[in-house]
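Topology and contacts: notes
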Amino acid sequence: MGNKNKRPIFLNLLRIRLPVTGVVSILHRVSGVLLVLLLPPALLLLDRSLADPDAFEACRRLMSTLPAKVLWFVALWLFVQHFLNGIRHLLLDLDICIDRKCARRSAWLALAGSVLAVVAFGILR
Amino acid sequence: MNIPGARSSSQSGFIEWLLQRLTSVYVAGFAVYVAIVLLVCPPVDFEAWRGWFGSGFVRLGWALFVVLLLIHAWIGMRSVFMDYLHPLWLRLSVLVLTATGLLALGFWAAAILLRVAP
């Protein structure tokens, strides 16, 4: 675990300009951690919605409030982002779209796709 | 030090790497299935919601989903902590806390799944 070789470490986040592939890579981690943190409230919602008709209606009312809706859309974006970039990683593991040009394009595609999915859901529902 | 069953350095982490990918395939596939069900025929009331959730194969699908999702979450959190938490005591405490939390979520989910049995 110890850092044996003395390579320079340059981690000033304000001075690093990441390429889009790097952005989606860190976003994959951040969204993953945040999704784990969203598991307890999600499970609580599932628990209550399956308890009895009154609790189900309470859940429905809660989900129609503005803060719950905002949180829901954030969670949806996090999930779709993690989902699309996950597929991208699986393809990269299979040596598909491994060259820089294609990897960059697919990174943009994952980003755009996640935003598009949230917008589409907002319109469709 | 010779630890029985220990993997050589070239193999260390391989099982986690593979499990992360295998679990992701099921979790992603089941998520798409649930999304389609909820979009195409959203449960109108409690009876419909519980009826769908309680049916055999759906419940089995959820049970598998929970187990594989928790494995996926564990490996993901583990690699994040291994990258950013360097003092051993801190890394170990956070890992133990995470494992306990995920395990608790698993038992909670199991209780829900058993309760909705028809």
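Description of the structure in this document. From a predicted model like this one, the values you see are computed outputs, not experimental measurements.

1. Focus: the overall build of chain A
Of regular secondary structure, chain A possesses five helices and zero strands. Start at the N end of chain A and walk to the C end: the helices and strands fall as α-α-α-α-α. Every one of the 125 residues in chain A was classed for burial, and the buried ones make up 30%. Excluding contacts between residues fewer than 6 apart, the proportion of contacts in chain A whose partners are at least 24 apart in sequence is 73%. Carbon and sulfur atoms provide 70% of the accessible area of chain A, an area that totals close to 8700 Å².

2. Here's the deal with the side chain of A:Ser31
Within the fold, A:Ser31 resides in helix H1 (residues 20–37). When near neighbours in sequence (up to four residues on either side) are disregarded, A:Ser31 contacts A:Leu78, A:Gln81 and A:His82.

3. Thoughts on the state of the cysteines
One way to say it: the disulfide is the covalent bond shared by the sulfur atoms of two cysteines. Enumeration according to the criterion identifies one disulfide over all chains in this entry. The disulfide that involves A:Cys97 links it to A:Cys102, with 2.1 Å between the sulfurs. As the torsion about the S-S bond is roughly -105 degrees, the A:Cys97-A:Cys102 disulfide counts as left-handed. A:Cys59 takes part in no disulfide bond, and the closest cysteine sulfur to it belongs to B:Cys41, at a distance of 20 Å. Judged by its relative accessible area of 9%, A:Cys59 is buried.

Rules and cut-offs
Residues numbered from 1 in each chain as written. Chains lettered and ligands numbered in written order. Predicted model: local features only at pLDDT ≥ 70, side-chain atom pairs only at ≥ 80, totals over all residues. Heavy atoms only, no water. Helix = DSSP H or I, 4+ residues; strand = E, 2+ residues; numbered from the N terminus. Buried < 20%, exposed > 50% of the residue type's maximum accessible area, 1.4 Å probe, protein only. Contact = heavy atoms within 4.5 Å. Areas by Shrake-Rupley, 256 points an atom, 1.4 Å probe, with all protein chains shown as cover. Disulfide = S-S within 2.5 Å.

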